[in-house]
Number of protein chains: 2
Amino acid sequence: MTDVFALDPQLERDTLPACDFALSTVRLMNDARYPWLIVVPRRVGASEVIDLSSDDRHRLLDETTRVAEALRSLCKPKKLNIAAIGNIVTQLHVHVVARFADDAAWPRPVWGIGTAVPYSDATASAFIASFLRALGGRP
Amino acid sequence: MTDVFALDPQLERDTLPACDFALSTVRLMNDARYPWLIVVPRRVGASEVIDLSSDDRHRLLDETTRVAEALRSLCKPKKLNIAAIGNIVTQLHVHVVARFADDAAWPRPVWGIGTAVPYSDATASAFIASFLRALGGRP
């Protein structure tokens, strides 16, 4: 195992870069069915939230909170879903999904329902720009 | 809205009491297919993790971490799933589920898969006693 952090290849394929916090890199899930971000702490080998040091765990919570607040402010969802699952991609990552009563999976969780609908480049860029504005200032 | 915390009636029906922390009450999901605990902060009206004060949010993380560490120590799962979903029961609650490659839903998340298999009273009591021993000392 190297000591240089690298994003898991499947996360790399399935997501688009949004921003970087002190600990985590934030990616947009490339699935236009749901406003859906992924928060990935840059810690080599971490798979579980409880693998992190207490300081890192709290920092991950703070960064996830900022993502969730920005997503709520931007999208006004009915509910936020925040989850560390990782049954398939074991690199630690936290899902933050804005959910609506008329979305493709409601009221079920989003995982394993149907097929991702990729964004157009323009729509992804516009969404990320709006998200960064909602985050406010530098991450 | 009253200012006295009460567990959501569906959570009350679906779970069994395990222990209480300073902030949260911990319940065993009454579904013997998965070792599955629910951490419910006793804050009236909270629905989202980001509705909590920063102090409460960090306390919830610490209490969830203790539950997850005890569950991992007790069950030696392949993966932990930790999630705040709440699309159906909106009272804020965090799922902590021990997952195995041969469980009923793997690798999918557990929500909405099949039907819960209730514990016998004796099996539930034994599981909760083992969980409390794994927690170590008083919660």
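Right above here is the structure, for reference.
Participant: What is the right way to look at the packing of helix α2 (residues 54–75) of chain A against helix α3 (residues 121–135) of chain A in this model?
Facilitator: When two helices pack together, their arrangement is given by the angle between the helix axes and by the axis-to-axis distance. Residues and elements named next belong to chain A. At a closest axis distance of 8 Å, the pairing of α2 and α3 adopts a crossing angle of 115°. Relative to α3, α2 is oriented roughly perpendicular. Seen from above, α2 lies across α3 with right-handed handedness. Taken together, the residues of α3 that come into contact with α2 (itself represented by R66, V67, A70, L71, S73, L74 and C75) are F127, S130, F131, A134 and L135.

Participant: Would you explain the pattern of salt bridges in this entry?
Facilitator: Note that side chains of opposite charge can pair when their charged atoms are close. Residues and elements named next belong to chain A. The tally for this structure, following the rule as stated, stands at 16 salt bridges over all chains. In this structure, E12 and R27 form a salt bridge, with 3.9 Å as the shortest nitrogen-oxygen distance. Of the two residues, E12 is situated in helix α1 (residues 9–14) and R27 in strand β2 (residues 24–29); the sequence distance between them amounts to 15 residues. Note on R27: relative accessible area 9%, which makes it buried.

Participant: Explanation requested: the packing of α2 of chain A against helix α2 (residues 54–75) of chain B in the structure shown.
Facilitator: Running from N to C, α2 of chain A and α2 of chain B cross one another at 130°; their axes reach a closest spacing of 10 Å. Compared by their axis directions, α2 of chain A and α2 of chain B come out oblique. Of the two elements, α2 of chain A crosses α2 of chain B, and the hand of that crossing is right-handed. Of the residues in α2 of chain B, those in contact with R57, H58, L61, D62 and T65 of chain A of α2 of chain A are R57, H58, L61, D62 and T65 of chain B.

Participant: Looking at this structure, how should I read the sheet that holds strand β1 (residues 15–20) of chain B?
Facilitator: Strands pair in a sheet through their backbones, by hydrogen bonds, and they do so in one of two ways: parallel or antiparallel. As summarised here, the arrangement of the ten strands in space is β1(A)-β2(A)-β3(A)-β5(A)-β4(A)-β4(B)-β5(B)-β3(B)-β2(B)-β1(B), forming an open sheet in which the pairing is antiparallel. Each edge of the open sheet carries a strand with a single partner, namely β1 (15–20) of chain A together with β1 of chain B. Adjacent strand axes in the sheet meet at a mean angle of 25°, parallel and antiparallel pairs treated alike. Sheet topology note: the β1 of chain A/β2 of chain A ladder contains five bridges and is antiparallel.

Participant: Explain the environment of L80 of chain A to me, please; I cannot follow it from the model alone.
Facilitator: With respect to the helices, strands and loops of the structure, L80 of chain A is situated in strand β4 (residues 79–84). Here L80 of chain A falls in the buried class, since its relative accessible area comes to 1%. It is 20 Å that separates the C-alpha atoms of L80 of chain A and V117 of chain A, two residues lying 37 residues apart in sequence. Apart from residues lying up to four places away in sequence, L80 of chain A is in contact with A68, R72, V97 and A98 of chain A together with E48, I50, A84 and I85 of chain B.

Participant: For this particular structure, what's the right way to read the pairing of β4 of chain A?
Facilitator: The side chains of a regular strand alternate, first on one face of the sheet and then on the other. With six of six residues buried, β4 of chain A is to be regarded as a mostly interior element. Residues of β4 of chain A alternate between two faces, with K79, N81 and A83 of chain A on one and L80, I82 and A84 of chain A on the opposite face, all of them buried. Relative to strand β5 (residues 94–99) of chain A, β4 of chain A is paired through five bridges, and the arrangement is antiparallel. Residue pairing across strands places N81 of chain A opposite V97 of chain A, the latter belonging to β5 of chain A. In this sheet, strand β4 (residues 79–84) of chain B lies alongside β4 of chain A in antiparallel orientation, the contact comprising three bridges.

Participant: Help me out: how do you make sense of the side chain of R99 of chain A in this one?
Facilitator: On the secondary structure map, R99 of chain A appears in strand β5. With relative accessibility at 0%, the residue R99 of chain A sits in the buried group. Of note is the side chain of R99 of chain A, whose polar atom sits 2.9 Å from the side chain of N81 of chain A. Ignoring anything within four residues of it in the chain, the contact list for R99 of chain A reads Y34, P77, K78, K79, N81, A105, W106, R108, P109 and V110 of chain A together with N87 of chain B.

Analysis parameters
- Residues numbered from 1 in each chain as written.
- Chains lettered and ligands numbered in written order.
- Predicted model: local features only at pLDDT ≥ 70, side-chain atom pairs only at ≥ 80, totals over all residues.
- Heavy atoms only, no water.
- Axes fitted to C-alpha atoms, helices over the stretch in contact; angles between N-to-C directions.
- Helix = DSSP H or I, 4+ residues; strand = E, 2+ residues; numbered from the N terminus.
- Parallel < 35°, antiparallel > 145°, perpendicular 65-115°, else oblique.
- Left-handed = near helix turned anticlockwise from the far one by under 90°.
- Contact = heavy atoms within 4.5 Å.
- Salt bridge = Lys/Arg side-chain N within 4 Å of Asp/Glu carboxyl O.
- Buried < 20%, exposed > 50% of the residue type's maximum accessible area, 1.4 Å probe, protein only.
- Pairing = 2+ DSSP bridges.
- Polar contact = N/O pair within 3.5 Å; in protein donor to acceptor, adjacent residues only side chain to side chain.

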